[in-house]
Amino acid sequence: MEDYKHYFESNRQLWNKRTPLHRQSAFYNVDAFVAGQTSLNNIELEELGDVQGKALLHLQCHFGQDTLSWARQGANATGIDLSDASIEEARRLNQQLGLDAKFVQSNVYDLKENLQGQFDIVFTSYGTIGWLPDLEQWSDIINHFLKPGGTFYMVEFHPVAWMFDDDFKEIAYPYHNTYTPIVTETEQSYTDGSSHEKLTEYGWNHSLGEVVSSLTAKGLQLEFLHEFPYSPYNNFRHMEQGADGYWRIKHLGSKIPLLYSIKVNKPKN
Ligand SMILES: C[S@@+](CC[C@H](N)C(=O)[O-])C[C@H]1O[C@@H](n2cnc3c(N)ncnc32)[C@H](O)[C@@H]1O
């Protein structure tokens, strides 16, 4: 990971700048969350199921709303994130809500040095693995932190969606991971009211084959891989909300996948 250090540092600064803007955005709607509304979507709530009494590790938790939502559902939750500003805000919310989630500032790749223990569930969602260059080491971390018999669940934006330019008019990026970062100069995040100074973000696209094979190569057993032609968020340009409440690219409708979810289980021994 030494070669990627500069990219991680740039991404950490980007997420530190974005955290206070996201905290105030209607997109993240912290007031509703504080008042008791879950930040989780039906997809992950239904597909992951009962977390009551389970030790849950949330990778790339941002400022902790989803981690704290799992804690409200009875999980013994730990969230980790690269951004120190995000972790500070997550700890503040945890205290404000009187919950007992734990938050650790760490790069996913350094987690063995920064966190002890094993978990019944490892969870990650919506906009996470695109910040990671190498899934072999990512799946090794997941396997390391899963108890025998434990479950890893993820729901993520589809690699086909990341192939398009911002306007979803042309194919601009490769489907497969080239390990060379996709570099974007940005002054805007995906939430409302989130203009910031010009910052550089470094990302990587991961094909479904790369994701699934990285997990199964560690001995994790695939329970399902689901694909969805919609997103629960208005997070790309030119989206419109359907009668089902989900968002699609207006001029593409349900022609392309926007999400996928994966559940894998670690054998009992
Ligand atoms: C889109 S956000 C998290 C998604 C979550 N669904 C949300 O919206 O709150 C992506 C998060 O990944 C974190 N991140 C990026 N690269 C990381 C890395 N190498 N290790 C740990 N966290 C990382 C960022 O700091 C950011 O908080």
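Before reading further, recall that the structure is shown in the block above.
A brief structural summary. (Residues numbered from 1 in each chain as written. Predicted model: local features only at pLDDT ≥ 70, side-chain atom pairs only at ≥ 80, totals over all residues. Heavy atoms only, no water.)

### Overview of the packing of helix α7 (residues 135–145) against helix α8 (residues 208–216)
Note the threshold: Inter-axis angles, ranging from 0 to 180 degrees, are taken between N-to-C directions of lines fitted to C-alpha atoms, where helices are fitted over the stretch in contact. Comment: elements are numbered from the N terminus, with helices defined as DSSP H or I runs of at least four residues and strands as E runs of at least two. Orientation labels follow simple angle bins: below 35 degrees gives roughly parallel, above 145 gives roughly antiparallel, 65 to 115 gives roughly perpendicular, and whatever is left gives oblique. By the definition used in this description, the sense in which the near helix is turned from the far one sets the handedness, with an anticlockwise turn below a right angle giving left-handed and a clockwise turn giving right-handed. The criterion used for residue contact is that any of the two residues' heavy atoms lie within 4.5 Å. The classification used treats Ala, Val, Leu, Ile, Met, Phe, Trp, Tyr, Cys and Pro as nonpolar, Asp, Glu, Lys and Arg as charged, and all other residues, Gly among them, as polar.
Where α7 contacts α8, the two axes come as close as 9 Å, and the packing angle between them is 45°. When the axes of α7 and α8 are compared, the pair comes out oblique. For the pair α7 and α8, the sense of crossing is right-handed. Facing α7, whose interface residues are L135, E136, W138, S139 and I142, α8 presents E210, V211, S214 and L215. Here the residues of the contact of α7 with α8 are counted per class, giving five nonpolar, two polar and two charged.

### With respect to the layout of surface pockets
To be explicit about the condition: Only protein atoms enter the 1 Å grid used here, on which a cavity is any set of points holding a 1.4 Å probe that cannot leave and a pocket is any open set flanked by protein within 12 Å on both sides along at least five of seven lines; residues with an atom within 4 Å of a point are listed as lining. Grid points are joined across faces, edges and corners, and a volume is the space filled by probe spheres set on the points.
In this structure, the second largest pocket encloses a volume near 160 Å³. If you go around the second largest pocket, you meet 10 residues; those closest to its centre are K5, F8, L82, N107 and D110. Considered class by class, the residues forming the lining of the second largest pocket number four nonpolar, one polar and five charged.

### What about the site of the ligand?
Stated precisely, the cut-off is as follows: Being near a molecule or strand, for a residue, comes down to having at least one heavy atom within 4 Å of it. For the purposes of these results, a polar contact is taken to be a pair of N or O atoms within 3.5 Å, where, inside protein, one atom must be able to donate a hydrogen and its partner to accept one; residues adjacent in sequence count only when each atom of the pair is a side-chain atom. The accessible surface values rely on the Shrake-Rupley method and a 1.4 Å probe; as for residues, cover is taken only from the protein chains in view.
What surrounds the ligand is a group of 16 residues, the closest being Y28, H62, D81, N107 and V108. Here a nitrogen atom of the ligand sits 2.9 Å away from a polar atom, N or O, in the side chain of N107. In the environment of the ligand, a nitrogen atom lies 3.1 Å from a nitrogen or oxygen atom belonging to the backbone of S125. Within the complex, the protein chains bury 95% of what would otherwise be the 590 Å² of accessible surface of the ligand. Considered class by class, the residues forming the shell around the ligand number eight nonpolar, seven polar and one charged.

### Some remarks on the pattern of salt bridges
Side-chain pairs of opposite charge can arise whenever the charged atoms involved come near each other. Inclusion rule: Definition used for salt bridges: Asp or Glu carboxyl oxygen within 4 Å of a side-chain nitrogen of Lys or Arg. Using a 1.4 Å probe on the protein chains alone, a residue whose accessible area is under 20% of its type maximum counts as buried, one over 50% counts as exposed, and one in between counts as partly exposed.
Tallied over the full model, the rule gives 13 salt bridges. K147 is paired through a salt bridge with D120; the nearest N and O atoms lie 3.3 Å apart. With K147 in strand β5 (residues 146–157) and D120 in strand β4 (residues 119–125), this residue pair connects regions lying 27 residues apart in the sequence. Classification of K147 by relative accessible area gives partly exposed; the value is 30%. If you follow the salt bridges from partner to partner, you end up with E9, R12 and D84 in one network.

### Examining the sheet that holds strand β3 (residues 102–105)
The cut-off we apply is this: If DSSP finds at least two bridges between two strands, the strands pair.
Here seven strands make up an open sheet; going across it, the order is β3-β2-β1-β4-β5-β11-β8 and the pairing mixed. Each edge of the sheet is formed by a strand with only one pairing partner; in this case those strands are β3 and β8 (221–228). Direction aside, neighbouring strands of the sheet carry axes that sit 15° apart on average. Relative to strand β2 (residues 76–81), strand β1 (residues 55–59) runs parallel, the two being bridged by five bridges.

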